[in-house]
Amino acid sequence: MATNFILPKKALERIQIGQAFAEYDLIRNEPELFVSTPAALAALDQASQKCFFVGRRGAGKTAITYELLRRTTDSVSIVPQIFDLLELPLAHEEFRDTRQRPFKSLTHTFERALLDECVRHLLATGRVKDRALPPTITKERNLIEDCDFDQRVLSLTQEIFDAYSKSQDKLWLRQINRSKELSSELNSLGDKSGLRVTLLIDRLDESWDGSESAIICLMALMHATVRLCASTPAVRPYIFIRENIYDRIRSLDNEFARLETAVVFLDWSEQKLVELVERRLVRPFSTKPKLGGEAWSSFFEESAEKSSREAVMSLCQHRPRDVLMLTSYAIEAAINSGHPTMMLEDVEAASRRYSTSRLKDLGDEFAENYPNISVLLELFYGLGNEYSLIGIEDFIAKLLVNEKIKKHCASWFFDYTTASRLVELLYGIGFLGLRRSGRTFFKEPGKDSNAKLPIDQTTHFVVHPTYRPALNLRNILIQAVSEDTSLKHEGILEDLPDNYRFDQYKDELKRVLEDLKTLPLGSPGAQAFEEVVGKAIKLCFFRSLTNVQPKCRTSDGSQIRDWIASNRASGGFWDVVRSKYGATQVVFECKNYVDLAADDFHQVQYYFSENFGRFGIIFFRGNEIKDSYLRHISNVVNKNQSGLILLLTQRDLEVFLRQAINGVFKESHIQDKFDSLIRSI
């Protein structure tokens, strides 16, 4: 589209495109940046019956939760940590049938926990007064006020299954009916005052280990959500689910039809993606080009031979995070080259950097389901971008004798050793597409990745353009892989700490995790706990934190810090911490005991200074953040205004280590802990 709009001088330098990750995006709350997609409109529609929002990483799930929190008064964010914490009291097989008592018990547990969370919000905000509480809610007060969502689920699960295992039918029925009574009383309160609480259940993968137990728990939570939406107008739970997790539930749930009518997929059209970019491009300017194409053409080079819009969209798999990231890289490339607008060569330069980032992200996204899948993907390095069926079979034969595959992918790879199975997996994650009769297609959002693909001898398999530059793929068809071809990934820059090889790194992570689980509490294990924490910082946060040093004593000898690290982050959580708290250095205190005291908080606060920064972390062996801890932190933040202390438990430390073992490198777990703390104080 031609445009007559003339950009001011150095226009690109004035653009702040924002962070591609919604949780770090400081401009996300500006109303003019909101794009009305079908999924966002369904979430904002009070009359809609949609309660499950499904999409891949980067599809905009978290962005919708922030928009709802901004627009609605009674919205509560829940980031459950229960899925790898809850031990099911019966064998998994007993939960298979959703119509039988074990699964019903679990469903009612989640239903009651959600209802209690609504009451907790209403009491905390003063929307409902103590004297107005109905009798059943009054009986539930201790559970509501003394427990968070995860603690409540654990307590209720034990309670209802004790009754079930002892065949105490009356007690079991009383537990089942409690959620109905709570629902009725909340509806009554809502009818009187017009209350409607929206529960936003997001970032499930932060506590996700991919186990069958986790799947069963999420199924129960989803069934509880559908029941509440149908029976309790005063409560509106929304669950934001990654597509690969949703596909597993679709394949297991014998009553999936109850759920799928409440699903909306985060499907972005090209028009909406263009609008997303345009709104951010024109934001700094008082005189703006029109949205809908003119703005894009004002900032991007367009030619009759090749469209920049087509070049961007072909790479980005219709995901908003990807489009914003690639645009951000293209702006930087244009500024470095002295171009007034983004030229096609800038998009091309950005695509190489973007490709490497996306290949790592793909491995992260599916690592819970397929641990260390990035090892397999990287073995495509230097081959071709298209394969025949025989080419795929030859590639599999090479994988079967590859030592890294046998060591790091054995838990799942040997279930995918036929061409059709491996192609279905790689197609389902968006790495491969199918070419038939001259037409290439990749997996679309919402399509069942468990469905059988139309594969025959004439089908070719095409690596998605996103990943080709990172893998240095040649533009050729691989008809066969010869015996003397060795699979390698010398061109892949492995993201590892200094002086570690891949196998050493994985083995060290496993050793540290095992040491953590067996350490004695108190003085006997204090030094060993400090060593575990130090290794975890080096192994899990090495992309952002460098020069990690132990027992750093100040020049006058008066202070000893367990660990101190330099914050060199260029984006993400640690960059936000440095910007907000001046934390060029981060101090980590290690407390090898369960209960913290006031002195532990005073000790960290004493380290804060203008030059050092005002952000510190306490690692301790407990798994509960008590109200007394929050009061101490609140005094530091609100009363003394000296900085922020983040508490991380033994379980958090295990999450960081387990994610790194599985090849997952992301900061959303620590971001969630930070968000939860900020909301609590």
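Since the model is a prediction, treat every value here as computed from it, not as a measurement.

**Q** Describe the overall build of the protein chain, naming the residues involved and giving the relevant values.
**A** A count of helical and extended segments in the protein chain gives 29 helices and 15 strands. Relative to the 2.2 N^0.38 estimate, which gives 26 Å for 681 residues, the radius of gyration of the protein chain is 26 Å and therefore close to what a compact globule would have. Counting across all 681 residues of the protein chain, residues that qualify as buried make up 56%. Here the analysis covers contacts within the protein chain between residues at least 6 apart in sequence; of these, 76% occur between residues at least 24 apart. Per element, the accessible surface of the protein chain, about 29,200 Å² overall, is 47% carbon and sulfur. Within the protein chain, the 94 negative side-chain charges are centred at a point lying 3 Å from the centre of the 89 positive side-chain charges.

**Q** Lay out the side chain of Asp322 in plain terms, naming residues and giving numbers.
**A** Within the secondary structure, Asp322 is located in helix H15 (residues 320–337). Here the side chain of Asp322 touches Arg358 through a polar contact of 3.4 Å, side chain to side chain.

**Q** So what's going on with the state of the cysteines? Residues and values would help.
**A** As enumerated under the stated definition, the model contains zero disulfides in all. Free of any disulfide, Cys229 has its nearest cysteine sulfur in Cys51, 4.0 Å distant. Judged by relative accessible area, Cys229 falls into the buried class, the value being 13%. The thiol of Cys409 is not disulfide-bonded; the next cysteine sulfur, from Cys540, is found 19 Å away. Residue classification places Cys409 among the buried residues on the basis of a relative accessible area of 0%.

**Q** How would you summarise the environment of Met313 if you had to cite specific residues and measurements?
**A** With respect to the element layout, Met313 can be found in helix H14 (residues 308–315). Taking C-alpha positions, Met313 is 24 Å from Leu477, a pair spaced 164 residues apart along the chain. In this view, Met313 contacts Glu270, Leu273, Val274, Trp296 and Val323; residues no more than four positions away in its chain are not counted.

**Q** Requested: an account of the packing of helix H4 (residues 101–124) against helix H7 (residues 149–165), with residues and values cited.
**A** Here H4 crosses H7 at 145 degrees, and the two axes come no closer than 9 Å. For the pair H4 and H7, the sense of crossing is right-handed. Residue-level inspection shows Arg101, Pro102, Ser105, Leu106, Thr109, Phe110, Arg112, Ala113, Leu114, Asp116, Glu117 and Arg120 of H4 in contact with H7, the latter providing Phe149, Arg152, Val153, Leu156, Thr157, Glu159, Ile160, Phe161 and Tyr164. Here the contact of H4 with H7 is composed, by residue class, of eleven nonpolar, three polar and seven charged.

**Q** How would you sum up the nonpolar core? Please name residues and give values.
**A** Core analysis: the biggest nonpolar cluster contains 103 residues, and Leu376, Leu426, Phe431, Trp574, Phe588 and Phe615 have the highest contact counts within it. Here this core takes seven residues from helix H24 (residues 526–540), the largest share from any one element. Sequence-distant contacts of Phe588, that is, excluding residues within four places in its chain, are made with Ile537, Leu545, Asp562, Trp563, Ala565, Trp574, Ile617 and Phe619. Residues Phe53, Leu122, Phe161 and Ala224 belong to the second largest nonpolar core, which totals 79 residues.

**Q** Let's hear about the pairing of strand E9 (residues 460–463): which residues, and what values?
**A** Here is the key point about a regular strand: its side chains alternate between the two faces of the sheet. Here strand E6 (residues 384–387) pairs with E9 via two bridges, running antiparallel. Note on E9: the bridge partner recorded for Tyr387 is Phe461. As judged from the four bridges shared by strand E7 (residues 432–436) and E9, these two strands associate in the antiparallel manner. Residue pairing across strands places Gly433 opposite Val462, the latter belonging to E9.

**Q** Requested: an account of the sheet that holds E7, with residues and values cited.
**A** Read from one edge of the open sheet, five strands run E8-E7-E9-E6-E10, paired in mixed fashion. A single partner strand is all that each edge strand has here, and the edge strands are strand E8 (439–441) and strand E10 (474–478). Recorded for the sheet is a direction-independent mean angle of 30 degrees between the axes of neighbouring strands. For E7 and E8, the ladder comprises three bridges, and the chain directions are antiparallel. Directly across from Arg436, in E8, lies its bridge partner Arg439. Strands in contact with helix H18 (residues 389–400) are E6, E7, E9 and E10; relative to E6, the strand with the most contacts, it is inclined by about 115 degrees. Sheet contacts for helix H21 (residues 419–428): E7, E8 and E9; angle to E7, the most-contacted strand, approximately 110 degrees.

**Q** Just give me the short version of the sheet that holds strand E3 (residues 197–201), but keep the residues and values in it.
**A** Reading across the sheet, the five strands line up as E2-E3-E4-E1-E5 and stay open at both edges, with parallel pairing between neighbours. Both edges of this open sheet fall to strand E2 (75–78) and strand E5 (263–265), since each of them pairs with a single strand only. Each strand axis lies, on average, 20 degrees off the axis of its neighbour in the sheet, ignoring direction. The pairing of E2 with E3 spans four bridges and is parallel. Counterpart to Ser77 in the pairing with E3 is Leu200. Together, strand E1 (52–55), E2, E3 and strand E4 (235–242) form the strand contacts of helix H3 (residues 61–71), whose direction differs from that of E4 by roughly 155 degrees.

**Q** How would you summarise the environment of Arg614 if you had to cite specific residues and measurements?
**A** For Arg614, the position within the fold is in the loop between helix H26 (598–607) and strand E14 (615–620). The exposure class of Arg614 is partly exposed, given its relative accessible area of 22%. In this view, Arg614 contacts Tyr581, Phe608, Ser609, Ser642, Gly643 and Leu644; residues no more than four positions away in its chain are not counted.

**Q** Account for helix H25 (residues 572–581), naming residues and giving values.
**A** Because an α-helix packs 3.6 residues into every turn, residues spaced three or four apart end up facing the same way. All of the buried residues along H25 are Gly572, Phe573, Trp574, Asp575, Val577 and Tyr581. Gly582 lies just past H25 and shows a positive phi near 60 degrees.

**Q** Explain helix H12 (residues 270–281) to me, and be specific about the residues and the numbers.
**A** Its twelve residues place the ends of H12 17 Å apart at the C-alpha level, agreeing with the 16 Å of an ideal helix rising 1.5 Å per residue. Among the residues of H12, Leu273, Val274, Glu275, Leu276, Val277, Glu278, Arg280 and Leu281 are the ones counted as buried. Elements in contact with the buried residues of H12: helix H13 (294–299), H14 and H15.

**Q** Which residues make up the packing of aromatic side chains, and what are the values?
**A** Under the definition given, this model contains 31 aromatic pairs. Both rings, one in Phe53 and one in Tyr238, keep their centres 5.1 Å apart while their planes meet at 75 degrees; by these two values the pair is edge-to-face. Here Phe53, found in strand E1, pairs with Tyr238, found in strand E4; they are 185 residues apart in sequence, far enough to count as distant. By relative accessible area, which is 0% here, Phe53 ends up buried. What links up through ring pairs into an aromatic cluster is the set Phe541, Phe573, Trp574, Tyr581, Phe615, Phe656 and Phe674. In this structure, Arg71 packs its charged tip against the face of Phe34, placed 4.6 Å from the ring centre. One Lys or Arg, Arg101, reaches over the ring of Trp172 and ends 4.3 Å from the middle of that ring.

**Q** Please provide a residue-by-residue account of the pairing of strand E13 (residues 585–591), values included.
**A** Most of E13 sits out of view: six of its seven residues are buried. Here E13 runs beside E14; their pairing, made up of five bridges, is parallel. Residue pairing across strands places Phe588 opposite Ile617, the latter belonging to E14.

Cut-offs applied
Residues numbered from 1 in each chain as written. Predicted model: local features only at pLDDT ≥ 70, side-chain atom pairs only at ≥ 80, totals over all residues. Heavy atoms only, no water. Helix = DSSP H or I, 4+ residues; strand = E, 2+ residues; numbered from the N terminus. Rg over C-alpha atoms; globule rule 2.2 N^0.38 Å. Buried < 20%, exposed > 50% of the residue type's maximum accessible area, 1.4 Å probe, protein only. Contact = heavy atoms within 4.5 Å. Areas by Shrake-Rupley, 256 points an atom, 1.4 Å probe, with all protein chains shown as cover. Lys, Arg positive; Asp, Glu negative; His and termini not counted. Charge placed at Lys NZ, Arg CZ, Asp CG, Glu CD. Polar contact = N/O pair within 3.5 Å; in protein donor to acceptor, adjacent residues only side chain to side chain. Disulfide = S-S within 2.5 Å. Axes fitted to C-alpha atoms, helices over the stretch in contact; angles between N-to-C directions. Left-handed = near helix turned anticlockwise from the far one by under 90°. Nonpolar A, V, L, I, M, F, W, Y, C, P; charged D, E, K, R; others polar. Core = buried A, V, L, I, M, F, W, Y, C linked by side-chain atoms within 4.5 Å. Pairing = 2+ DSSP bridges. Expected span 1.5 Å × (residues − 1). Phe/Tyr/Trp six-rings, centres within 6.5 Å; stacked < 30°, edge-to-face > 60°. Lys NZ or Arg CZ within 6 Å of the ring centre and 35° of its normal.

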